[in-house]
Amino acid sequence: MRIVSQFKTARRIVRDLLRSRRNRILLAERLAGETPPAPGSIEIAVYFADTRVNLYQIRQWYAPLAELAREHPVAIISRSPGTMMTLLDEAPIPAVYLRKVTDLEKFVAQQPLRIVFYVNQNTKNFQMFRYGRMWHVFINHGESDKMYMTTNQYKAYDYAFVAGQAARDRLARKLWSYDVEHRTLEIGRPQADHFAGETPYTPDDRTVVLYAPTWEGDRPAAAYGSIASHGEALVDALLATGRHRVIYRPHPRSGVVSRDYRDANRRIIAALERANAADPAAQHVHDTGSALGWQLAAADVAITDISAMVYDRLATGKPIIIARPASPEAEIDESGYLSDCEWLRAEDAAQVVPAIDRVLTSTEAHEKLTLWVTRYFGDTTPGAATARFHAAVDTLYAEWQRVAEQHASDPITSESNPFDDEDDEDEAPTGD
């Protein structure tokens, strides 16, 4: 069995390397017809060194970044050929492909960067951190109470943009000697100001339920996914009523680790297809689209796992139910919203309909939800979060100017690293 496993691994590596090489050839042809940003034209960069499988992390920032670009020139830095191909097709702001570290150095030397944003903790972020004379700012790819939100990696950044007071409290509890007051700026959820997209069904009197589970996780402490434990039972219960419409939006990585999880995901998709075939008016949706927004706005109730989707939904102020992890090893931070949320346990998944009816009609549930929305996101009036996002950027611009004047006489020295791989070859993991 070990030999078979090693053979499969070797085959996957070879396949992925060939895919990456093919992507580089295609990208070179594509870039020949593109005009890169002119030297001296970019002040804010979004550094995204990841592959296509994690594009969802930056897609949710497209609309806020496009809005910001009206005031400050913004570009996305990509280090992956497959990712860059996709960015050229869909990103609303310029993207630049900097595969080699020397390419990165040249870009930094040519552009008057003030701020570099990061949406994840990719290890290649460290290659960008070396450059001074700019602020490195973690903006993350969502708000949540997962352990990811309080890793010590926050200290690597000059600043972090966070959603609200709940995030600051979480960081203050977890990170030793971290100056939360100085190094975090509250911006709310600017993505919520741009929720858009047409619903792929004709609205009627059915109750629309968004079920948006996360993936199974790569370690026991992060086993938050509910597809295998809750998913089939709750979807079957909703399909059986004839008065609910299901929008099923599984995490893009669902099933990459666990075959059981992957198989359960496939059975749910098949169940939706059978239900639509039996009753075309039901118009249940298996949503795999890149756009996130219409689902959150259209759903009367959302059922999510412990993930950023909890807080994307919370920002709308509409009812939400959380699937409690079946794994006893999953870490749950119950000091915040999860201490007072509407839980759905695996053994109760088949009884999801009464739970939905209650959160839709209960005054107590509504008042509790409003309290937590304010704590996590502050003012959720349309446009308020965008204004705070832009204000935070302006604050850092002013701080950059102040510090730049202090160091105006400093000599400009090289920030290159002689130990970096000159070619910086892509590892070409599966998905790129």
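Please read these numbers as outputs of a predicted model, since none were measured by experiment.

(A) Just the overall build of the protein, in detail. Helix and strand content of the protein: 15 helices and 13 strands. Taken over C-alpha atoms, the radius of gyration comes to 23 Å for the protein, in line with the 22 Å a tight globule of 432 residues would show. Overall, the C-alpha framework of the protein stretches about 70 × 55 × 40 Å when taken along its three principal axes. Here the protein holds 432 residues, and the buried ones make up 51% of them. Restricting to contacts in the protein with at least 6 residues of sequence separation, those with at least 24 account for 71%. For the protein, the exposed area adds up to about 20,000 Å²; of that, 52% sits on carbon and sulfur atoms. Averaging the positions of the 49 positive and the 60 negative side-chain charges in the protein gives two centres separated by 5 Å.

(B) Examining the pairing of strand β9 (residues 244–248) more closely. In terms of burial, β9 is a largely internal element, 5 of the 5 residues being buried. In terms of handedness, the path from strand β8 (residues 207–212) via helix α9 (residues 227–241) over to β9 forms a crossover that is right-handed. Pairing between β9 and strand β10 (residues 285–286): 2 bridges, direction parallel. Bridge pairing links Y248 to H286 in β10. Once the chain exits β9 it traverses helix α10 (residues 259–278) before rejoining the sheet at β10, and the crossover so formed is right-handed.

(C) Representation of the packing of aromatic side chains. This model, assessed by the stated rule, comprises 18 aromatic pairs. Here F161 and F389 contribute two aromatic rings whose centre-to-centre distance is 6.2 Å and whose plane-to-plane angle is 85°, an arrangement assigned as edge-to-face. Of this pair, F161 sits in strand β6 (residues 159–162) while F389 sits in helix α15 (residues 384–406); the two residues are 228 residues apart in sequence, bridging distant segments of the chain. With respect to burial, F161 and F389 carry one shared label: buried. Connected via pairs of aromatic rings, a cluster forms that spans Y47, Y118, F126, F129, F138, Y154 and Y157. Over the ring of W400 we find R114; its NZ or CZ atom is 3.8 Å from the centre of that ring. The ring of W215 has R253 sitting right over it, with the charged end atom 4.7 Å from the ring centre.

(D) Local environment of the side chain of R189. Of note, R189 is situated in the loop between β7 (184–186) and β8. Filtering out sequence-adjacent residues up to four positions away, R189 remains in contact with Q60, G142, D312, A315, F377 and A385.

(E) Molecular detail of the pairing of β8. Within β8, 6 of the 6 residues are buried, which leaves the element mostly enclosed by the surrounding structure. On β8, burial covers both faces: T207, V209 and Y211 on one face and V208, L210 and A212 on the other are all buried. Taken together, the 5 bridges between β8 and β9 define a ladder with parallel strand orientation. By the bridge assignment, V209 is partnered in β9 with V246.

Analysis parameters
- Residues numbered from 1 in each chain as written.
- Predicted model: local features only at pLDDT ≥ 70, side-chain atom pairs only at ≥ 80, totals over all residues.
- Heavy atoms only, no water.
- Helix = DSSP H or I, 4+ residues; strand = E, 2+ residues; numbered from the N terminus.
- Rg over C-alpha atoms; globule rule 2.2 N^0.38 Å.
- Buried < 20%, exposed > 50% of the residue type's maximum accessible area, 1.4 Å probe, protein only.
- Contact = heavy atoms within 4.5 Å.
- Areas by Shrake-Rupley, 256 points an atom, 1.4 Å probe, with all protein chains shown as cover.
- Lys, Arg positive; Asp, Glu negative; His and termini not counted.
- Charge placed at Lys NZ, Arg CZ, Asp CG, Glu CD.
- Right-handed = clockwise from strand over helix to strand, strands pointing away.
- Pairing = 2+ DSSP bridges.
- Phe/Tyr/Trp six-rings, centres within 6.5 Å; stacked < 30°, edge-to-face > 60°.
- Lys NZ or Arg CZ within 6 Å of the ring centre and 35° of its normal.

As far as function goes, none of this settles anything; it's purely spatial.
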